[in-house]
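Results of the structural survey
The residues making up each chain are set out below.
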Amino acid sequence: MSDRTGSGVRFDGVTVDYDGHTVLDALDLTVEPGEVMALLGPSGSGKTTALRAVAGFVRPAAGRVHVGGRDVTGLPPHRRGIGMVVQSYALFPHLRVADNVAFGLRARRTPKAETAARTAEALELTGMGAYARRHPRELSGGQQQRVAIARALAIRPDVLLLDEPLSALDAGLRSGMLAELARLHRELPHMSMLYVTHDQVEALTLADRIAVMDRARLRDCGTPQELYRSPRTEFTASFVGNANLLPVTVTAGGVSFAGRTLKVPAGQAAPGAAATLCVRPHLVGLGPGPNTLRGTLAEVQWRGATHRLTVHVGGHRMLADLRELREPPPLGAEVELHFAPDDAVLIGAIGTEAGHGRDHR
Amino acid sequence: MAATTADLVRARPRTAPARLWALPPVAVLALVFLYPLALVVRESLTPGAYARVLGSHAFQDALGTTVWLAAGATVGCLVLGFVLALILAFVPFPGSRAVARFIDVFLSFPSFLVTLALLFVYGTVGIANGLWTGATGDGDGPFDFLTTPWGVLLAEITYFTPFVVRPLLAAFSQVDTAQLEAASSLGAKPARVVRQVIWPEALPALAAGGSLVLVMSLNEFGIVLFTGAKGVTTLPTLVYGKAILESDYPAACVVAVVNIALSTGLYALYRGVSRRAGAHR
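Residues numbered from 1 in each chain as written. Chains lettered and ligands numbered in written order. Predicted model: local features only at pLDDT ≥ 70, side-chain atom pairs only at ≥ 80, totals over all residues.

**A look at the interface of chain A and chain B**
In this complex, chain A contributes 18 residues to the contact, which on the side of chain B involves 15 residues. Those elements giving two or more residues to the side of chain A that touches chain B turn out to be strand 6 (83-86) and helix 2 (97-107) of chain A. Sorting elements by how many residues they give to the side of chain A that touches chain B places helix 2 of chain A first, with three residues. Here the side of chain A that touches chain B is built from residues that sort into eleven nonpolar, five polar and two charged. (Contact = placed C-beta atoms within 7 Å. Helix = DSSP H or I, 4+ residues; strand = E, 2+ residues; numbered from the N terminus. Nonpolar A, V, L, I, M, F, W, Y, C, P; charged D, E, K, R; others polar.)

**Some remarks on the UniProt feature "domain: ABC transporter" (unreviewed entry) in chain A**
Under the local residue numbering, the UniProt record ascribes the feature "domain: ABC transporter" (unreviewed entry) to residues 9-240 of chain A. Within the segment residues 9-240 of chain A, helix and strand shares are 36% and 26% respectively, and the terminal C-alpha atoms sit 23 Å apart. (UniProt positions renumbered as here; feature names shortened; annotations may be inferred.)

**Topic: the domain arrangement of chain A**
Residue and element names in this part refer to chain A. The assigned domain composition of chain A is domain 1 (9-229) and domain 2 (235-354). Placing the centre of domain 1 and that of domain 2 at their C-alpha centroids yields a distance of 37 Å. Considering each element in turn, the side of domain 1 that touches domain 2 owes the most residues, three residues, to strand 9 (residues 209-214). Each residue belonging to the side of domain 1 that touches domain 2 can be placed in one class, and the counts come to five nonpolar, one polar and three charged. (Domains from an automatic or database assignment.)

**Let's talk about the pairing of strand 19 (residues 334-338) of chain A**
All names here are of chain A. By the bridge criterion, two bridges tie strand 15 (residues 285-286) to strand 19 in an arrangement that is antiparallel. When the sheet's bridge partners are listed, Gly285 is paired in strand 19 with His338. Two strands pair when backbone bridges link them, and strand 16 (residues 293-302) and strand 19 are joined in this way by four bridges, in the antiparallel orientation. Within the sheet, the bridge partner assigned to Thr296 lies in strand 19 and is Glu334. (Pairing = 2+ DSSP bridges.)

**Notes on the environment of Ser7 of chain A**
Residue and element names in this part refer to chain A. Among the structural elements, Ser7 can be located in the segment before strand 1 (9-18). As for Ser7 and Arg156, which are separated by 149 residues in sequence, their C-alpha atoms are 12 Å apart. Sequence-distant contacts of Ser7, defined by excluding residues within four places in its chain, comprise Pro33, Val67, Gly68, Asp158, Val159 and Ser192.

**Overview of the confidence of the model for chain B**
All names here are of chain B. Chain-level statistics for chain B give a pLDDT mean of 85 and a share of 91% at 70 or above. Per-element confidence in chain B is highest for helix 10 (residues 177-185), whose mean pLDDT is 93, and lowest for helix 1 (residues 2-11), whose mean pLDDT is 52. Two numbers describe this predicted complex: its pTM, 0.78, and its ipTM, 0.81. (pLDDT = per-residue confidence, 0-100.)

**Describing the sheet that holds strand 5 (residues 70-71) of chain A**
In a beta sheet, neighbouring strands are held together by backbone hydrogen bonds and run either parallel or antiparallel to one another. Residues and elements named next belong to chain A. Strand order across the open sheet formed by four strands is 2-1-4-5, with antiparallel pairing between neighbours. Edge positions in the open sheet fall to strand 2 (21-31) and strand 5, since each of these has one partner strand only. Relative to strand 5, strand 4 (residues 62-67) is paired through two bridges, and the arrangement is antiparallel. Within strand 5, the position partnered with Val67 by the bridge is Arg70.

**A closer look at the nonpolar core**
Note that soluble globular proteins tend to have their nonpolar side chains buried in a common cluster. Residues and elements named next belong to chain A. Formed by 118 residues in total, the largest nonpolar core has its most connected members in Ala38, Leu39, Leu194 and Tyr195. Those residues in contact with Tyr195 that lie beyond four places of it in its chain are Val36, Met37, Ala38, Leu39, Leu162, Leu206 and Ala207. One finds Val255, Val284, Ala344 and Val345 within the second-largest nonpolar core, a separate group that totals 28 residues. (Core = buried A, V, L, I, M, F, W, Y, C linked by C-beta atoms within 7 Å. Buried ≥ 20, exposed ≤ 12 C-beta atoms within 10 Å, placed from the backbone.)

**Section: the sheet that holds strand 19 of chain A**
Residue and element names in this part refer to chain A. Spatially, the five strands line up as an open sheet ordered 15-19-16-17-18, and their pairing is antiparallel. Each edge of the open sheet carries a strand with a single partner, namely strand 15 and strand 18 (316-323). The pairing of strand 16 with strand 17 (residues 306-313) spans six bridges and is antiparallel. When the bridges of strand 17 are listed, Glu299 appears paired with Thr310.

**A word on unusual backbone geometry**
Residue and element names in this part refer to chain A. Even without being a glycine, Glu164 presents a positive backbone phi close to 45°. For Glu164, the location among the structural elements is in the loop between strand 7 (159-163) and helix 5 (171-187). Classification of Glu164 by C-beta neighbours within 10 Å gives buried; the count is 20. For Asn291, which is not a glycine, the phi torsion comes out positive at approximately 50°.

Right under this line is the structure:
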């Protein structure tokens, strides 16, 4: 039990059971003071449960939760001093914006003058200063979420929990709010943020580190660059960004796939071992080049800036995201794809439990 | 095919025959309700009846008893109902759903059943007094309040509380759990959460349930007759006494008219309140 100065969150073998089945399985994870940690995973992966364990809304069956070096496992939510923002905003409908923001300060019996000053400050910080006298129902979704963030920030928490905070907003607003959250973090550098999301873009954009969760367990944890450029498991590869995952056999100086030898950095993998080769679709090129693969064009999707080609290579589906083609090849045509050796990552047999044939999106 | 027929019927313009369909309900209403009501009002207009009745102590006492019993029952039901609904909705305990469902059934019980039950518990030969006399050997037990206004009040609160609990449970099911969680993560203790988050959401339901109880307890007859038979007279039992026991029909009608005016006034208030509550959602 090392005591940390400053803040941060530490999960110590936290297990949560619900109706006899485990929704969070022995989570060990540390969020450093001032760090933004994204909990990324599909629904039912246990990421929200982990966040609720920090807030105090679920009681772990085993393990301890530490906030700022203090064991809070047995504390009720109102004594934890944690800010929380949820997808549904959860503003108090009968209170004006300013009273919503002041709620936490009044609950702490903060002196009146200070309450007013800090309420105004929090509203300024989120750009909602002009709306203090409005009721929540008079605001748009994005504005309501800003008020919810101001309300959580007004109590000056050391830890801010965000549970899918942007999921109820439309795409344009979402990217604006992402930039806003990043700015908030620059202005409040000592506040740790635990950000639950199923959206890889949000995680990649905002997080200092990403914890990838699946089926109640922590699968991987690292910086966005580490997880994106050199994923350690197939699940990480396919969930953090898109990925072509090709079953290969390691050979001397490369791998063999569908009867062809490909030049890739093999690392320490022993020749003859089965492994998975991860190639990002946007790093695949059309036409001959290094590591050329031949296949049949099965599908073409035009996405405006890019064309997504689905090509069947030796019985495997391979995706290529190409800069918009003037003249995409006809369906059923024989096409050549290639990728640079350095753009491929060999994933060992460690992560193969994620299974072959998953949808690579 | 059925839908087409229905559409045809609906599409038919509203003509005179359609308006004729309004006649039977209006006729029935007039025959069984409006005409007797008019008779009651006419009977009450017998010369001198109003002055005689409104000036009598019996009437003034009954009016006072009626109003304070109704007000007391309403306040009691609101307090008890709010606490019960709060526990049922927000404190998960095994069987809370069964209890909530039982409240629905309770609404369909006749009012004298409660009175009978209270008689068995607190009556002169009831369980409570039986235990006392058994334990102390005294001739009489200490519980002798059933025939007083307090006994009527207890019975009315017992019987009418579910009428407050029901709308409150509906209102509480609309309260967003995320709001309660947000409040407590902001540092609010349970009492503050109830006061500042749950209470404002409950107000429309409390107003609606409270006005309903007020009107119903104002007109309650069975409970008063059963429980307070000896000492307690309210407007409805006064009507009964004047008409059936004394055959003083003009006086009975005057009391009835006052009672009707009181409850229609309150009903108008109740409608106003519940409409505002409905508009609030």
